Amino acid sequence: MPHPALVPGAVAVVTGGAAGIGLAAATRFARAGLRIVLADLGEDRLVRAAAGIVEAVPDAEVVTQPCDVGDPAQVAALEAEVRARFGGTDVLMNNAGIQPGSTIFGPPGTWSRILQTNLWGLIHGSQIFVPRMIERGRPGLVINTGSKQGITTPPGDPAYNVAKSGVRTFTEALQHELRNTEGCRISAHLLIPGFVFTGLTANGRTEKPAASWTPNQTVDFMLERLEAGDFYILCPDNDVPRWLDERRILWSTGDIVENRPPLSRWHKDHAAAFAAYVERSRDG
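Let me begin by describing the structure that accompanies this report. (Residues numbered from 1 in each chain as written. Predicted model: local features only at pLDDT ≥ 70, side-chain atom pairs only at ≥ 80, totals over all residues. Heavy atoms only, no water.)

### With respect to the overall build of the chain
For step 1, the next point in the chain: Helix and strand content of the chain: eight helices and seven strands.
For step 2, the next point in the chain: Since a compact globule built from 284 residues should have a radius of gyration of about 19 Å, the 19 Å found for the chain is in line with a globular shape.
For step 3, the next point in the chain: Within the chain, buried positions represent 49% of all 284 residues.
For step 4, the next point in the chain: Residue pairs in contact within the chain that sit at least 24 positions apart in sequence constitute 66% of those at least 6 positions apart.
For step 5, the next point in the chain: Accessible surface for the chain amounts to roughly 13500 Å². Of this, 54% is attributable to carbon and sulfur atoms. (Helix = DSSP H or I, 4+ residues; strand = E, 2+ residues; numbered from the N terminus. Rg over C-alpha atoms; globule rule 2.2 N^0.38 Å. Buried < 20%, exposed > 50% of the residue type's maximum accessible area, 1.4 Å probe, protein only. Contact = heavy atoms within 4.5 Å. Areas by Shrake-Rupley, 256 points an atom, 1.4 Å probe, with all protein chains shown as cover.)

What follows is the structure in structure tokens.
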């Protein structure tokens, strides 16, 4: 059955809601009869996104508020506005994120900006919204958008990987806290998208690559797995099936257990062993 927070009249707050996965999720929530609060940077983007939701769901109730999730004062103002207008929040989707690219010895300002948005933004959202959600005593839902890059941490974008690794760890701890809080009716879940064609991943492309999923496909899968009760919502795409994700994750964890070099999947002395491991898994 659907998550008990996803009912008509409930209030959903979606950060990073002006485009991509956030906008797709907000639209689906609106179709289910939820009242929508979109938070993002850029007034014009928010206005266009809200208009798109109303076009798709004519009776949708959508409000917008510009918000830099890296600034706790702005997140607190967002929560207060939602509470004043609707009485509180039932669904919180901490989805805002950036990916400008990074290197280990790159500009500290880039690292700060990525961590402030992708990790601290989610921490701010959870710490400011969730206690009020608990106080409401109603069924509630927190969805934090992570990434496979926060689990297997491939080389190439370390600041993003560090932030998303933190998202995973924080969300695991949040769910543990919620399920051990007496009377709490809120659950937290980690959304782990595959390759999704959004403004974050387009890299100048205007046509969706065949390997990628659309934001709508990703949200459909997310809702299906929420209904199943999954905490780790590990999304496939058109190129990487679940079994391959599982093998990559297991191999990554095995670097510690087997005392291999870190990121051995990309290490010249271990790449062939990883390829053989995947091939055996395919055959098995």
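### Let's talk about helix 3 (residues 72-86)
For step 1, the next point in the chain: Counted at 1.5 Å a residue, the expected span for helix 3 with its 15 residues is 21 Å, and the 21 Å between its end C-alpha atoms agrees.
For step 2, the next point in the chain: Among all positions in helix 3, only V75, L78, E79, V82 and F86 are buried. The buried side chains of helix 3 occupy one side of the element, clustering within an arc of 95 degrees when seen end-on. In helix 3, the exposed positions angled more than 90 degrees off the buried face are occupied by A73 and A84.
For step 3, the next point in the chain: Contact partners of the buried residues in helix 3: strand 1 (11-15), strand 2 (35-40), strand 3 (62-66) and helix 4 (108-136).
For step 4, the next point in the chain: Here helix 3 starts with a cap whose side-chain oxygen sits 3.0 Å from the backbone nitrogen of A73, and that cap is D71.
For step 5, the next point in the chain: Directly after helix 3, the chain includes G87, whose backbone phi takes a positive value near 95 degrees. (Expected span 1.5 Å × (residues − 1). Arc of directions from axis to C-beta. Polar contact = N/O pair within 3.5 Å; in protein donor to acceptor, adjacent residues only side chain to side chain.)

### What to know about the pattern of salt bridges
For step 1, the next point in the chain: Tallied over the full model, the rule gives 15 salt bridges.
For step 2, the next point in the chain: R260 is the partner of D255 in a salt bridge, and the nearest nitrogen-oxygen pair spans 2.8 Å. No difference in accessibility class separates D255 from R260, as the two residues are buried. (Salt bridge = Lys/Arg side-chain N within 4 Å of Asp/Glu carboxyl O.)

### As for the packing of helix 1 (residues 20-31) against helix 2 (residues 43-56)
For step 1, the next point in the chain: As a packed pair, helix 1 and helix 2 sit with axes 10 Å apart at the nearest point and diverge in direction by 35 degrees. Relative to helix 2, the crossing made by helix 1 is right-handed. Facing L23, A26, T27, A30 and R31 of helix 1, the residues of helix 2 in contact are A49, I53 and A56.
For step 2, the next point in the chain: In terms of residue class, the contact of helix 1 with helix 2 is built from six nonpolar, one polar and one charged. (Axes fitted to C-alpha atoms, helices over the stretch in contact; angles between N-to-C directions. Left-handed = near helix turned anticlockwise from the far one by under 90°. Nonpolar A, V, L, I, M, F, W, Y, C, P; charged D, E, K, R; others polar.)

### Some points on the packing of aromatic side chains
For step 1, the next point in the chain: Taken as a whole and judged by the stated rule, the model has four aromatic pairs.
For step 2, the next point in the chain: Taken together through their ring pairs, the aromatic side chains of W251, F274 and Y277 make up a single cluster.
For step 3, the next point in the chain: The lysine or arginine in question, R260, covers the ring of W251, its NZ or CZ lying 3.7 Å from the ring centre. (Phe/Tyr/Trp six-rings, centres within 6.5 Å; stacked < 30°, edge-to-face > 60°. Lys NZ or Arg CZ within 6 Å of the ring centre and 35° of its normal.)

### Focus: the environment of H189
For step 1, the next point in the chain: Among the secondary structure elements, H189 is positioned in strand 6 (residues 186-192).
For step 2, the next point in the chain: Taking the relative accessible area as the measure of exposure, H189 reaches 6% and is therefore buried.
For step 3, the next point in the chain: Sequence spacing of H189 and Y277 is 88 residues, and the spatial spacing of their C-alpha atoms is 30 Å.
For step 4, the next point in the chain: Apart from the residues lying within four places of it in its own chain, the contact partners of H189 are H3, L141, V142, I143, N144, T171, L226, D230, F231 and I233.
For step 5, the next point in the chain: Within the local environment of H189, its side chain forms a polar contact with the side chain of S187, the two groups lying 2.7 Å apart.

### So, the sheet that holds strand 1
For step 1, the next point in the chain: With respect to topology, seven strands assemble into an open sheet ordered 3-2-1-4-5-6-7, the strand pairing being parallel. Both edges of this open sheet fall to strand 3 and strand 7 (232-234), since each of them pairs with a single strand only. For this sheet the average axis-to-axis angle between neighbouring strands, irrespective of direction, equals 15 degrees. (Pairing = 2+ DSSP bridges.)

### Describing the pairing of strand 6
For step 1, the next point in the chain: With seven of seven residues buried, strand 6 lies mostly within the body of the structure.
For step 2, the next point in the chain: As paired strands, strand 5 (residues 140-145) and strand 6 are joined by six bridges and run parallel to one another. Note that in strand 6 the partner of N144 across the bridge is L190.
For step 3, the next point in the chain: What joins strand 5 to strand 6 is helix 5 (residues 158-179), and the crossover it makes is right-handed.
For step 4, the next point in the chain: Here three bridges tie strand 6 to strand 7, and the two strands are oriented parallel to one another. When the sheet's bridge partners are listed, L191 is paired in strand 7 with I233. (Right-handed = clockwise from strand over helix to strand, strands pointing away.)

### A look at the packing of helix 3 against helix 4
For step 1, the next point in the chain: Here helix 3 crosses helix 4 at 30 degrees, and the two axes come no closer than 9 Å. In this view, helix 3 runs roughly parallel relative to helix 4, as classed from their interaxial angle. Relative to helix 4, helix 3 is oriented so that their crossing is right-handed. From helix 3, P72, V75, A76, L78, E79 and R83 reach across to helix 4, where they touch H124, G125, I128, F129 and R132. (Parallel < 35°, antiparallel > 145°, perpendicular 65-115°, else oblique.)

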